[in-house]
Amino acid sequence: MQLKDSILGRRSIRRYKDREVPLSLVGEIIELAKHAPSSGNLQNWRFVIVTDMKKREKLAEASLEQYWMVEAPIHIVVCNDYEKVKEHYGKMGRMYSIQNCAAVAYAIMLVAQEKGLGTCWVGAFDPEAVQRELNIPENMDPEIIITLGYSNDKKMPALRETLHYLSYFEEWGNRVKSFSTVDDVKKKLKSIKKRFK
Ligand SMILES: Cc1cc2nc3c(=O)[nH]c(=O)nc-3n(C[C@H](O)[C@H](O)[C@H](O)COP(=O)(O)O)c2cc1C
């Protein structure tokens, strides 16, 4: 699968098959994803891989009762070991530490997609409840929960704003008239959408 297919094919999956994901595959995904960039290469991300059903129920409950999460056989809780980042970067450290976690989270999602797995980024949760449930130390912020499993959903590529709307050239407010390279992505998108007809 090409990177383009992973990016365009990925959607937030909230329905999963009752099919186990081998831990070795989860390891493979994180092994690759941990090559994401981080400020000063501090790699302040830590992962708690949760498979236990009772724990998944508790995580769903802590996530404002998003009980669909329980169907996902794996929850990866991306934790932020922020202290070193704060030490290095002072005021900017907190923001960098979160950005680093976001970078690795998206990498996990793309690699998972490439391996035929579905994911969803869950950001709405009570961090203290998650810490309590998984014995995560106080100085380690749970930032993101990624649900992972074999998708039981078929979703078209998501709608996104046009590049014309999103981008400026050289300075704010200066619209880009056309990007000649965009046609290639549009063609790919069209061919993926065709599969849904
Ligand atoms: C910071 C962040 C927090 C999110 N939190 C949740 C969440 O708590 N529950 C959920 O179902 N989806 C959550 N999402 C997923 C978004 O709803 C989803 O990415 C968005 O609607 C676009 O859809 P797509 O991922 O299918 O392209 C979150 C995404 C991000 C980036």
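One structure accompanies this document, and this report is about it. (Residues numbered from 1 in each chain as written. Predicted model: local features only at pLDDT ≥ 70, side-chain atom pairs only at ≥ 80, totals over all residues. Heavy atoms only, no water.)

## So, the site of the ligand
Taken together, 13 residues form the shell around the ligand, and within it R11, S12, R14, Q66 and R160 come nearest. S12 has a polar side-chain atom sitting 2.6 Å from an oxygen atom of the ligand. Starting from 620 Å² of accessible surface for the ligand in isolation, the protein chains cover 61%. Among the residues forming the shell around the ligand, the class breakdown is six nonpolar, three polar and four charged. (Near = heavy atom within 4 Å. Polar contact = N/O pair within 3.5 Å; in protein donor to acceptor, adjacent residues only side chain to side chain. Areas by Shrake-Rupley, 256 points an atom, 1.4 Å probe, with all protein chains shown as cover. Nonpolar A, V, L, I, M, F, W, Y, C, P; charged D, E, K, R; others polar.)

## Here's the deal with the sheet that holds strand β3 (residues 118–122)
Spatially, four strands are ordered β1-β2-β4-β3 in an open sheet, and the strand pairing comes out antiparallel. Of all strands in the sheet, those bounded by a partner on one side alone are β1 (45–50) and β3. Averaged over all pairs of adjacent strands, the angle between strand axes in this sheet comes to 25°, irrespective of strand direction. As judged from the six bridges shared by β1 and strand β2 (residues 74–80), these two strands associate in the antiparallel manner. Counterpart to V48 in the pairing with β2 is V77. Sitting on the sheet, helix α5 (residues 93–114) is in contact with β1, β2, β3 and β4 (141–149), with an inclination near 5° to β4. (Pairing = 2+ DSSP bridges. Helix = DSSP H or I, 4+ residues; strand = E, 2+ residues; numbered from the N terminus. Axes fitted to C-alpha atoms, helices over the stretch in contact; angles between N-to-C directions. Contact = heavy atoms within 4.5 Å.)

## A word on the pattern of salt bridges
Counted under the stated rule, the structure contains eight salt bridges. One salt bridge in this structure joins K188 and D5, with 3.2 Å as the shortest N-O distance. In this pair, K188 sits in helix α8 (residues 182–194) while D5 sits in helix α1 (residues 3–9), placing the two residues 183 residues apart along the sequence. As far as burial versus exposure is concerned, K188 and D5 are alike and both buried. Salt bridges linked by common partners bring R94, D141 and E143 together as one network. (Salt bridge = Lys/Arg side-chain N within 4 Å of Asp/Glu carboxyl O. Buried < 20%, exposed > 50% of the residue type's maximum accessible area, 1.4 Å probe, protein only.)

## Looking at unusual backbone geometry
Positive phi outside glycine occurs at N41, with the angle close to 50°. Within the secondary structure, N41 is located in the loop between α2 (23–33) and β1. Exposure remark for N41: the relative accessible area of 53% places this residue in the exposed category.

## A short note on the environment of K58
When you line up the elements, K58 lands in helix α3 (residues 53–62). Accessibility expressed as a relative area gives 41% for K58, which makes it partly exposed. Distance in space between the C-alpha atoms of K58 and N174 is 49 Å, their sequence separation being 116 residues.

## Section: the environment of D18
Residue position: D18 is located in the loop between α1 and α2. Among the residues examined, D18 registers a relative accessible area of 86% and is labelled exposed. For the pair D18 and E71, spaced 53 residues apart in sequence, the C-alpha separation works out to 7.4 Å.

## Description of the packing of aromatic side chains
A full pass over the atoms with the stated rule returns two aromatic pairs. Here Y89 and Y96 contribute two aromatic rings whose centre-to-centre distance is 4.9 Å and whose plane-to-plane angle is 75°, an arrangement assigned as edge-to-face. Given the relative accessible area of 31%, Y89 is considered partly exposed. Over the ring of W68 we find R14; its NZ or CZ atom is 5.9 Å from the centre of that ring. Stacked on the ring of Y150, the Lys or Arg R19 has its end atom at 3.7 Å from the ring centre. (Phe/Tyr/Trp six-rings, centres within 6.5 Å; stacked < 30°, edge-to-face > 60°. Lys NZ or Arg CZ within 6 Å of the ring centre and 35° of its normal.)

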